[in-house]
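Residue strings, one per chain:
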Amino acid sequence: MSSSAPAPESQPPVRVLLVEDDDLMRRSFAVALERYGYRVTAAADGLTGLEHFRDDEGYDLLILDVMLPGLDGIGLCRRVRESSLVPVLMMSARGDGLDVVAGLEAGADDYVVKPVETNVLVARIRSLLRRASYAPAAGGESTAGREDGVLVFGDLTVDTAGMEVSVCGSPVALTPTELKLLLEFAAHPGIVLERHTLLRNVWEYGWDGDSRVVDLAVQRLRRKLGRERIETVRGFGYKLRR
């Protein structure tokens with residue numbers, strides 16, 4: 001009598017909350033993402049999207065259009081960030097406008113400009129999800145104090161094993177993008193990291209992306225960690241002070 005090993009449990013589908021007011025675009029995005037295996041909940045306005053989010057905390061990713069009736073995408077992102085670090089991808093029809101800056105300042109992790117090809121949207125989603133499940137490789141070099149994966153930079157402590165950050169002993173909540181950005185700095189303390197390097201290593205852009213996502217993520221980190229912790233080296237990039 002032969003026996004077979006139990007089949008491995010399949011991973012639950014990634015759950016996406018899509019908030020887009022254009023009916024055709026919302027349906028097209030939902031169908032396209034479902035073909036890639038994502039489980040999509042769609043909403044046509046910001047208030048409905050917020051209601052979906054509050055009723056169900058199980059979403060893995062939010063995709064928010066900037067221009068929404070009732071509560072716009074920027075306001076919705078701010079409301080989400082009051083209680084959650086879930087990855088947020090903004091969609092804007094004006095890639096060179098103030099919408100992008102406002103969305104990133106509100107706590108969004110990344111953005112795409114409409115119209116957007118499905119493969120580009122999926123690539124940005126996958127990058128965000130990788131950040132959300134990111135774990136640094138063991139054995140990385142650092143001149144900071146290290147003990148069991150804990151890096152210490154003055155009053156800043158980064159636990160790379162537990163993925164926890166604290167300042168003066170108090171825990172600091174970081175979004176997945178902010179955490180990966182800090183870990184990138186922590187792996188190279190005192191070394192200037194250029195914006196294009198950070199775009200490649202943190203946001204996974206394989207081309208010259210929008211450096212505003214770096215600048216605004218650094219601003220958010222400074223608000224949480226202290227303004228002097230990350231130094232601007234004009235014309236080059238940023239470095240973490242030892």
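Everything discussed here concerns the structure shown above.
Residues numbered from 1 in each chain as written. Predicted model: local features only at pLDDT ≥ 70, side-chain atom pairs only at ≥ 80, totals over all residues. Heavy atoms only, no water.

Draft legend 1. Local environment of the nonpolar core. By size, the foremost hydrophobic cluster in this structure holds 54 residues, and its most contacted members are Leu62, Met90, Leu156, Val165, Leu181, Phe185 and Trp203. For this core, the leading source of residues is helix H8 (residues 212-225), giving 7 residues. In contact with Trp203, other than residues within four places in its own chain, are Asp109, Asp110, Arg124, Ser127, Arg131, Thr177, Leu181, Leu198, Val213, Val214 and Ala217. Core analysis: the next-biggest nonpolar cluster, separate from the first, contains 18 residues, Ala30, Val40, Val122 and Leu129 among them. (Core = buried A, V, L, I, M, F, W, Y, C linked by side-chain atoms within 4.5 Å. Buried < 20%, exposed > 50% of the residue type's maximum accessible area, 1.4 Å probe, protein only. Helix = DSSP H or I, 4+ residues; strand = E, 2+ residues; numbered from the N terminus. Contact = heavy atoms within 4.5 Å.)

Draft legend 2. Molecular detail of H8. Between its first and last C-alpha atoms H8 spans 20 Å; for 14 residues at 1.5 Å apiece the expected length is 20 Å, and the two agree. For H8, the full list of buried residues reads Val213, Val214, Asp215, Leu216, Ala217, Val218, Arg220, Leu221, Arg222 and Leu225. One or two residues past the end of H8 sits Gly226, with phi positive at roughly 115 degrees. (Expected span 1.5 Å × (residues − 1).)

Draft legend 3. Just the packing of helix H6 (residues 176-186) against H8, in detail. Interhelical geometry of H6 versus H8 gives an angle of 85 degrees and a closest axis separation of 10 Å. Judged on the interaxial angle alone, H8 and H6 are roughly perpendicular. Every residue of H8 that contacts H6 at Glu178, Leu181, Leu182 and Phe185 is listed here: Ala217, Val218, Arg220, Leu221, Lys224 and Leu225. Classifying every residue of the contact of H6 with H8 gives 7 nonpolar, no polar and 3 charged. (Axes fitted to C-alpha atoms, helices over the stretch in contact; angles between N-to-C directions. Parallel < 35°, antiparallel > 145°, perpendicular 65-115°, else oblique. Nonpolar A, V, L, I, M, F, W, Y, C, P; charged D, E, K, R; others polar.)

Draft legend 4. Quick peek at the side chain of Arg26. Turning to its location among the elements, Arg26 is positioned in helix H1 (residues 23-35). Using a relative accessible area of 13% as the deciding quantity, one classes Arg26 as buried. Ignoring anything within four residues of it in the chain, the contact list for Arg26 reads Leu18, Glu20, Asp21, Ala42, Ala43 and Ala44.

Draft legend 5. A look at the packing of aromatic side chains. Counted under the stated rule, the structure contains 0 aromatic pairs. The ring centre of Tyr59 lies 4.8 Å from the NZ or CZ of Arg15, which sits over that ring. Between Arg124 and the ring centre of Tyr205, over which it is positioned, the NZ or CZ distance is 4.0 Å. (Phe/Tyr/Trp six-rings, centres within 6.5 Å; stacked < 30°, edge-to-face > 60°. Lys NZ or Arg CZ within 6 Å of the ring centre and 35° of its normal.)

Draft legend 6. Structural view of the pattern of salt bridges. Throughout the structure, instances matching the rule amount to 16 salt bridges. With its nearest N and O atoms 3.0 Å apart, the salt bridge here joins Lys114 to Asp65. Pair noted here: Lys114 is in the loop between strand S5 (110-113) and helix H5 (118-132) and Asp65 is in strand S3 (residues 61-65), with a separation of 49 residues, a long-range link. Here the two residues Lys114 and Asp65 agree in accessibility, since each one is buried. A salt bridge links Arg241 to Glu228, with the shortest nitrogen-to-oxygen separation between them at 3.5 Å. Here Arg241 is found in the segment after strand S13 (237-240), whereas its partner Glu228 is found in the loop between H8 and strand S12 (230-233), with 13 residues between them in sequence. (Salt bridge = Lys/Arg side-chain N within 4 Å of Asp/Glu carboxyl O.)

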